[in-house]
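Topology and contacts: notes
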Amino acid sequence: MDGCLHCVFTWQKACSIFHTQGWKHLRRSFSTEKVIHKDHSLPNPSWSKDLRLLFDQFMKKCEDGSWKHLPSSECKVPQRIHSFKTYFLDSKPVKEDQLSQARPFTRSYEVGQGFEYAMFYNEDEKRTVCLFQGGPYLEGPPGFLHGGALATMIDTTLGVCTISCMGLFMTANLNINFKSPIPLCSVVVISSQLDKVEGRKVFVSCNVRSVDEKTLHSDATDPVLVILYPYRMTFLHLILLFSLQR
Ligand SMILES: CCCCCCCC(=O)SCCNC(=O)CCNC(=O)[C@H](O)C(C)(C)COP(=O)(O)OP(=O)(O)OC[C@H]1O[C@@H](n2cnc3c(N)ncnc32)[C@H](O)[C@@H]1OP(=O)(O)O
């Protein structure tokens, strides 16, 4: 449950609302908001054989508890954005109707056209693996994946690794070496791990390899992720959150 993205967002939201508005608002916000859950990280018809095979292999690794599959969730909760924005006082206000359209960037394409991926987390090793298939709308050079699309997935994988290990963060710095182009619609494995923590700074590294591991497509060696709220979700936090949602 630690890595469940919906829970992470819920926890982030809880922290933000609690700090800015107190318990009453926290309870009210959970009881009135409409939340739509849909797990986008499960196989769908657009997934290639490679992606399905890798997914099955990792699901098998989950059986002994060493790895966890991290479900995605489409969580249309404008409040979480509002509360997050309260920490960035100089940011411009966004209109309500625009906020209601908000969704995670990587989940904003039609099935199979953009970012198809599933993530797995190993708590003992502080590692996150993302199985990623970049769809036809992510073309950069003809026939190949756009570097920005790969950077997005690297940032997301590093982010999920950081959230799972440490808590809410903002990416402060991300250095990527693009070493070998990725054919469009092929599958790559993005592996990230937490290297060290210095105060509020978390250092996470990452590499992107082909399915057969022979080709190193990219690496990100020294990205820095600055944590804003050093919270970590525990079982007790989850119990508290679920009781508030009733
Ligand atoms: C699950 C979901 C996954 C999604 C992943 C999506 C991730 C994202 O896209 S995040 C969006 C992109 N990032 C941003 O917009 C961040 C914009 N930047 C900021 O808001 C701020 O600069 C922020 C929060 C990063 C740091 O500000 P602030 O909290 O004031 O920290 P600050 O005091 O300046 O620095 C703290 C430490 O970090 C270091 N630091 C700050 N910026 C950098 C940097 N770019 N490079 C290296 N070190 C840095 C500082 O030197 C300082 O180090 P030390 O403690 O040793 O003195």
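Throughout this description, residue numbers start from 1 for each chain and increase along the sequence as written. Given that the model is predicted, a residue must reach a pLDDT of at least 70 before its local features are reported, and side-chain atom pairs must reach 80 or more before they are shown or counted; all residues, however, enter totals for whole chains, interfaces and linings.

1. Topic: the overall build of the protein
Short version of the rule: Note on conventions: DSSP H or I runs of at least 4 residues are helices, E runs of at least 2 residues are strands, and numbering of each starts at the N terminus. Each residue is classified by how many other C-beta atoms fall within 10 Å of its C-beta atom, where C-beta atoms are placed from the backbone; a count of 20 or more means buried, 12 or fewer means exposed, and values in between mean partly exposed.
Helix and strand counts for the protein come out as seven helices and nine strands. Out of the 246 residues belonging to the protein, those deemed buried represent 33%.

2. Notes on the UniProt feature "domain: Thioesterase" (unreviewed entry) in the protein
For clarity, the threshold we go by: UniProt positions are given in the numbering used here, feature names are shortened, and annotations may be inferred rather than shown by experiment.
According to UniProt, the feature "domain: Thioesterase" (unreviewed entry) maps to residues 143-215 in the numbering used here. Summarising residues 143-215: 26% helix, 40% strand, and an end-to-end C-alpha distance of 17 Å.

3. Things to note about helix α6 (residues 147-165)
Heads up, the condition is: The span one expects for a helix is its residue count, reduced by one, times 1.5 Å.
Taking 1.5 Å of rise per residue, the 19 residues of α6 would be expected to cover 27 Å, and the 27 Å separating its terminal C-alpha atoms lies within 8% of that figure. Of the residues one or two after α6, glycine 167 is the one with positive phi, at around 135°.

4. Concerning the environment of asparagine 44
The topology assignment puts asparagine 44 in the loop between α2 (23-32) and α3 (49-62). Residue asparagine 44 is classed as exposed on the basis of its C-beta count, with 12 C-beta atoms lying within 10 Å. For the pair asparagine 44 and valine 111, spaced 67 residues apart in sequence, the C-alpha separation works out to 8.0 Å.

5. Description of the site of the ligand
Filter applied, for reference: What makes a residue near a molecule or strand is its C-beta atom, placed from the backbone, lying within 6 Å of it. Three classes are used, and their members are as follows: Ala, Val, Leu, Ile, Met, Phe, Trp, Tyr, Cys and Pro are nonpolar, Asp, Glu, Lys and Arg are charged, and the others, Gly among them, are polar.
The environment of the ligand is made up of 15 residues, and the closest members are Gly159, Met170, Thr171, Ala172 and Asn173. Mapped by element, the contributors of at least two residues to the shell around the ligand are α6, β4 (169-173) and β9 (224-227). In terms of residues, the shell around the ligand owes the most to one element, α6, which gives five residues. Looking at the shell around the ligand residue by residue, the class counts come to seven nonpolar, five polar and three charged.

6. Here's the deal with the environment of valine 188
Let me state the cut-off plainly: Contact definition: two residues whose C-beta atoms, as placed from backbone geometry, lie within 7 Å.
Along the polypeptide, valine 188 turns up in strand β6 (residues 187-198). On the basis of neighbour count, valine 188 is assigned to the buried category, with 26 C-beta atoms found within 10 Å. Through-space distance from the C-alpha of valine 188 to that of serine 210 is 4.8 Å; in sequence the pair is 22 residues apart. Residues in contact with valine 188, not counting those within four places in the same chain, are Phe132, Ile182, Val208, Arg209, Ser210 and His217.

7. Observations concerning the confidence of the model for the protein
Note the threshold: pLDDT measures how confident the predictor is about each residue, on a scale from 0 to 100.
This prediction gives the protein a mean pLDDT of 78; 67% of its residues lie at or above 70. Note that pLDDT drops below 50 for residues 1-33; the model gives that stretch 55 contacts with residues more than four away or on any other chain. Here residues 74-89 is a poorly scored stretch, pLDDT under 50, and it has 33 contacts once near neighbours within four places are set aside; other chains count. Among the prediction metrics, the complex's ipTM stands at 0.96, with pTM recorded as 0.80.

8. Observations regarding the nonpolar core
The test is simple: The term nonpolar core refers to a group of buried residues, namely Ala, Val, Leu, Ile, Met, Phe, Trp, Tyr and Cys, whose C-beta atoms join them within 7 Å.
Grouped together as the largest cluster of nonpolar side chains are 42 residues, with contacts concentrated most on Met119, Leu131 and Met153. Listed by contribution, the elements that provide at least two residues to this core are α3, β2 (115-122), β3 (127-134), α6, β6 and β7 (201-210). Of the residues forming this core, the biggest block, nine residues, is contributed by α6. Discounting residues that sit within four places of it in the chain, leucine 131 has contacts with Leu51, Leu54, Phe55, Tyr117, Ala118, Val187 and Val189.

9. Let's talk about the environment of cysteine 206
Tracing the backbone through its elements, the reader meets cysteine 206 in strand β7. Since 23 C-beta atoms lie within 10 Å of it, cysteine 206 is described here as buried. Each C-alpha atom of the pair cysteine 206 and arginine 103 lies 25 Å from the other, and the pair is 103 residues apart in sequence. If we ignore the near neighbours within four places in the chain, the residues touching cysteine 206 are Ile154, Thr157, Leu158, Ile190, Ser191, Ser192, Asp219 and Ala220.

10. Thoughts on unusual backbone geometry
Of note in this structure, cysteine 185 is not a glycine but carries a positive phi near 70°. Looking at cysteine 185, the number of C-beta atoms within 10 Å reads 17, which means it is partly exposed. Here glutamate 213, not a glycine, exhibits a phi torsion of approximately 65°, which is positive. Take glutamate 213: it is sitting in the loop between β7 and β8 (216-220).

11. Some points on the pairing of β2
Consecutive residues of a regular strand have side chains that alternate between opposite faces of the sheet. Using the following cut-off: By the convention used here, strands pair only if DSSP detects at least 2 bridges between them.
The buried fraction of β2 amounts to seven of the eight residues, a majority that puts the element mostly inside the structure. Pairing analysis gives three bridges linking strand β1 (residues 68-70) to β2, with the strands arranged antiparallel. Each residue of the ladder has a partner; that of histidine 69, found in β2, is phenylalanine 120. Adjacent in sequence and paired antiparallel, β2 and β3 are bridged by four residues, among which lysine 126 carries a positive phi angle near 50°.

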